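Chain residues, written in single-letter form:
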Amino acid sequence: MCMVIFAPLFAVLAFATCGGYSGQIMVKVECLNKTQSNISLSFNYPFRLQQVHFSAPLCEGTRKETLFLEGDYASSAQFFVTVSVLAFLYSLLATVVYFFYQNKYREKNRGPIVDFLVTLAFSSLWLVSSIAWAKTLSGVKTATDVHQILLLMSACRAQENLCEVLQEPIWTNLNMSAAFGFLNFFLWAGNIWFAYKETGLHKSFQRCPSRTPSEKHGSFRQYSQTSFDQSGSGQALCNQGSFDLSSGGFSLPQTNLGQPMLYRQVGSPTSRGPLIFVNEM
């Protein structure tokens, strides 16, 4: 239930904080001749910074220069947003199936198995995309650092001119997007066990339950020395024949035809009772 509630919510928060981001930088340049210019540049998702350009004064009359930022960070950002959108859509689909198509979901155990495999896939995708986006975010911050931008401008490299930063980018949303990415990974990874339990595959690895003392009292089973494996394991199967002392009957296990095995009735060492032949598995 927690997965159904929180998975779509956290996925929305992840791609909304990243895909809807827009940063702005504003710099004031005051030349030696007292002319002032305000330079504004903005960048946004998917962070193709090499396409972001702005005009800066040269403080040589009315001449200006066109400058470009450096770096293309679109691949990691788009990968992160794509994983977020796909996880959101699958979570909505899974919610509808859980509540309205439960019978179809459990038919032939296909639904739980598919859900388990998809959960594994999204856990891996969230981890990879979150790590890639966190590394990319560090590169975006470096490329848009205001001190780096000031160094790009010829007027600001001259000591006689004055350059002042009026506005810097706010990184809160992008930092939150990276945090939501790792939070989604822990959410999906924590749901792997619950999705695995729904498949019922873990039940096939459980051992047969041991017989209670009351069940053992009603049946009696004795083998001669030749009926045990030479390895010494002597481990019996869950369904074996037994002597029923209360009714005096003897029940045989259902076996396929094979080599007969000799069992000897319990008695004194010198007595020779009737021989019983039972087909060996």
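### Observations concerning the side chain of S91
Argument step 1. One can find S91 in helix α2 (residues 74–100).
Argument step 2. Once residues lying within four places of it in the same chain are set aside, the contact partners of S91 are A7, P8 and W188.

### Re the state of the cysteines
Argument step 1. Applying the stated criterion across every chain yields a total of two disulfides.
Argument step 2. Covalently, C31 is tied to C59 through a disulfide, its sulfur atoms 1.8 Å apart. The S-S bond linking C31 to C59 shows a torsion near -75°; that makes this disulfide left-handed. Here C59 lies in the loop between β3 (53–57) and β4 (64–68) and C31 lies in the loop between β1 (22–30) and β2 (36–44), a separation of 28 residues in the sequence. Of the two residues, C31 and C59, neither departs from the other in class, the shared state being buried.

### With respect to the sheet that holds strand β5 (residues 162–167)
Argument step 1. Across the sheet, which stays open at both edges, the three strands sit in the order β2-β1-β5 with antiparallel pairing between neighbours. One side of each edge strand has no neighbouring strand; the edge strands of this open sheet are β2 and β5. The sheet shows a mean angle of 20° between the axes of neighbouring strands, taken without regard to direction.
Argument step 2. Here β1 pairs with β5 via five bridges, running antiparallel. Bridging from a neighbouring strand, K28 pairs with E164 of β5.

### Points about the pattern of salt bridges
Argument step 1. Going through the model one piece at a time under the given rule, you end up with two salt bridges.
Argument step 2. Note that E60 is salt-bridged to R63, the shortest N-O span being 3.0 Å.

### As for the pairing of β3
Argument step 1. Two elements, β3 and β4, share five bridges in a ladder whose sense is antiparallel. Paired with H53 across the two strands is F68, which belongs to β4.

### A word on the packing of aromatic side chains
Argument step 1. Tallying each qualifying case throughout the model produces 17 aromatic pairs.
Argument step 2. Ring geometry for F43 against W171: centres 6.0 Å apart, planes inclined by 35°, an arrangement best described as tilted. Residue F43 is located in strand β2, and its partner W171 is located in the loop between β5 and α7 (172–190); the two are separated by 128 residues in the primary sequence. Here F43 matches W171 in class, with each residue buried.
Argument step 3. Ring centres of Y90 and W188 lie 6.3 Å apart, and the angle between their planes is 40°; this geometry places the pair in the tilted category. Pair noted here: Y90 is in helix α2 and W188 is in helix α7, with a separation of 98 residues, a long-range link. Grouping residues by exposure puts Y90 and W188 together as buried.

### Some points on the confidence of the model for the chain
Argument step 1. Chain-level pLDDT for the chain is 77 on average; 70% of the residues reach the 70-or-more range.
Argument step 2. Considering only residues more than four positions removed or in separate chains, one finds that residues 207–253, a stretch of pLDDT under 50, has 40 contacts.

### Description of the environment of S40
Argument step 1. Its place among the elements puts S40 in strand β2.
Argument step 2. It is 8.9 Å that separates the C-alpha atoms of S40 and S55, two residues lying 15 residues apart in sequence.
Argument step 3. Apart from residues lying up to four places away in sequence, S40 is in contact with Q24, I25 and M26.
Argument step 4. A distance of 3.0 Å separates a polar atom in the side chain of S40 from a polar atom in the side chain of Q24.

### Here's the deal with the nonpolar core
Argument step 1. Counting residues in hydrophobic clusters, the biggest one holds 49 residues, and the most contacted among them are V29, F43, F47, F54, W126, W133 and M153.
Argument step 2. For W126, the contacting residues outside a window of four places in its chain are A11, A14, F80, V83, S84, A87, G181, N184, F185 and W188.

### Quick look at the packing of helix α4 (residues 110–143) against α7
Between two packed helices, the angle of one axis relative to the other and the distance separating the axes together describe the packing.
Argument step 1. Two numbers describe how α4 lies on α7: the axes approach to 8 Å, and their chain directions differ by 160°. Between α4 and α7, the interaxial angle falls into the category roughly antiparallel. The two elements α4 and α7 meet at a crossing, and its hand is left-handed. Within the contact between the two elements, α4 uses T119, F122, S123, W126, L127, S130, I131, W133, A134, L137 and K141 and α7 uses L174, N175, S177, A178, G181, F182, N184, F185, W188 and A189.
Argument step 2. For the contact of α4 with α7, the class distribution of residues is 13 nonpolar, seven polar and one charged.

Definitions and cut-offs
Residues numbered from 1 in each chain as written. Predicted model: local features only at pLDDT ≥ 70, side-chain atom pairs only at ≥ 80, totals over all residues. Heavy atoms only, no water. Helix = DSSP H or I, 4+ residues; strand = E, 2+ residues; numbered from the N terminus. Contact = heavy atoms within 4.5 Å. Disulfide = S-S within 2.5 Å. Buried < 20%, exposed > 50% of the residue type's maximum accessible area, 1.4 Å probe, protein only. Pairing = 2+ DSSP bridges. Axes fitted to C-alpha atoms, helices over the stretch in contact; angles between N-to-C directions. Salt bridge = Lys/Arg side-chain N within 4 Å of Asp/Glu carboxyl O. Phe/Tyr/Trp six-rings, centres within 6.5 Å; stacked < 30°, edge-to-face > 60°. pLDDT = per-residue confidence, 0-100. Polar contact = N/O pair within 3.5 Å; in protein donor to acceptor, adjacent residues only side chain to side chain. Core = buried A, V, L, I, M, F, W, Y, C linked by side-chain atoms within 4.5 Å. Parallel < 35°, antiparallel > 145°, perpendicular 65-115°, else oblique. Left-handed = near helix turned anticlockwise from the far one by under 90°. Nonpolar A, V, L, I, M, F, W, Y, C, P; charged D, E, K, R; others polar.

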